[in-house]
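# Secondary and tertiary structure notes
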Amino acid sequence: MGMQGCKVMEEEVLVKKITGLAAAIGELPSLSPSPEVNALFTELVVSCIPPSTVDVDLLGPEAQDMRARLIRLCADAEGHLEAHYSDLLATHDNPLDHLTVFPYFNNYIKLSQLEHGLLAKHIPGPPPSRVAFLGSGPLPLSSLVLAARHLPDASFDNYDISGSANERARRLVRADADAGARMAFVTADVADVTEELARYDVVFLAALVGMAAEEKAALVAHLGRHMAPGAALVVRSAHGARGFLYPVVDPEEIRRGGFEVLTVHHPQDEVINSVIIARKEPAASALAADADTPVNNGGLNAQCAVAVSRPCLGCTCEMEARAHQKMTEMAMEEMEA
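No experiment lies behind these values; they were computed from the predicted model shown.

Right, let's talk about the side chain of Asn158 for a bit. By the secondary structure assignment, Asn158 is in strand β2 (residues 155–160). Here Asn158 falls in the buried class, since its relative accessible area comes to 0%. The residues contacting Asn158, other than those within four sequence positions of it, are Phe133, Ser136, Ser143, Asn166, Met183, Ala184, Phe185 and Val186.

The next thing to look at is the confidence of the model for the protein chain. Averaged over the protein chain, the pLDDT score is 86; the fraction of residues at 70 or greater is 82%. In this model, residues 284–337 is a region of pLDDT below 50 whose contacts with residues beyond four sequence positions or in other chains number 84 contacts.

Attention now goes to the pattern of salt bridges. Pairing between side chains becomes possible if they bear opposite charge and their charged atoms approach one another. If you walk through the whole model with that rule in mind, you get 10 salt bridges. Counted as one network, the salt bridges with shared partners bring together Asp87, Arg168 and Arg171.

Proteins that are soluble and globular tend to have nonpolar side chains buried together. With 65 residues, the main nonpolar core has Leu223 and Ile254 as its most contacted residues. Broken down by element, this core gets its largest block of residues, seven residues, from helix α4 (residues 105–122). The contacts of Leu223, once residues within four sequence positions are left out, are Leu134, Val190, Leu197, Leu205, Leu233 and Phe259. Counting 31 residues, the second largest nonpolar core, distinct from the first, contains Val45, Leu59, Leu245 and Ile272.

Conventions adopted
- Residues numbered from 1 in each chain as written.
- Predicted model: local features only at pLDDT ≥ 70, side-chain atom pairs only at ≥ 80, totals over all residues.
- Heavy atoms only, no water.
- Helix = DSSP H or I, 4+ residues; strand = E, 2+ residues; numbered from the N terminus.
- Buried < 20%, exposed > 50% of the residue type's maximum accessible area, 1.4 Å probe, protein only.
- Contact = heavy atoms within 4.5 Å.
- pLDDT = per-residue confidence, 0-100.
- Salt bridge = Lys/Arg side-chain N within 4 Å of Asp/Glu carboxyl O.
- Core = buried A, V, L, I, M, F, W, Y, C linked by side-chain atoms within 4.5 Å.

Okay, structure coming up:
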């Protein structure tokens, strides 16, 4: 069997395994943290993290349907996990002093460091003073880490469609004067946020806001119509088999929305999300107003080539499996406590 045949077989084995895990997860009576839920999602994540040649966009209809269902199950489970730990943190006098109890906190440290570094590299100049995070959830770790470690003078407006998620998030900053002054939590559908978007220097788009490709494209076009010219957009995506966990965002959709794509980075450690850094084109508002009109990506794009960071194939599955097993053990210990 040639290399191409081996690659096809490996992809088929992976898809079959993920299909089985998706079926098992779909039969769970609840997605709230529990030994069974944690075990299945740990196995799923460990299966999807290693370097893979699979292209989720090329899957057949049956596998595509499975993937769409699985991403929604992952989103629901993530929501339950964050709500659980947000409630746990709220029992402390100052919840922000205990963020490390969240088993994936180190992932957020790495992801925030990556995103801030990419922003500083590709959009040099004064650090942003007004930041929006779309899809912040009940445990807004991205905003909290960015505010504490990378953007100490910036204000953060955190948008979520769920009022209960925002109530949970507000409890976390109530005892911290600095975070409480710099963090706002807004309950709104992003599609209804218009004039406010022009205030921000940077807008972060969470991976699970707009889970279907057409939803994400419509949302990016909406941002392109209302963000300020020159403002930065940070979009979280996925690559390879990680596309079974999170939606994959096509950089071309971001360009069509009126943005200049500056870099696409695919991490290869416990950080699952890929990161796309883009900048609002000066004339994007007019161009994005008509979804059928292609955006002219000459000018800036002709002078600035897009940097694409490829996965480092030297990382081993064993290391990643150990890391995720440790996270699961921490989660179990916390629940048992």
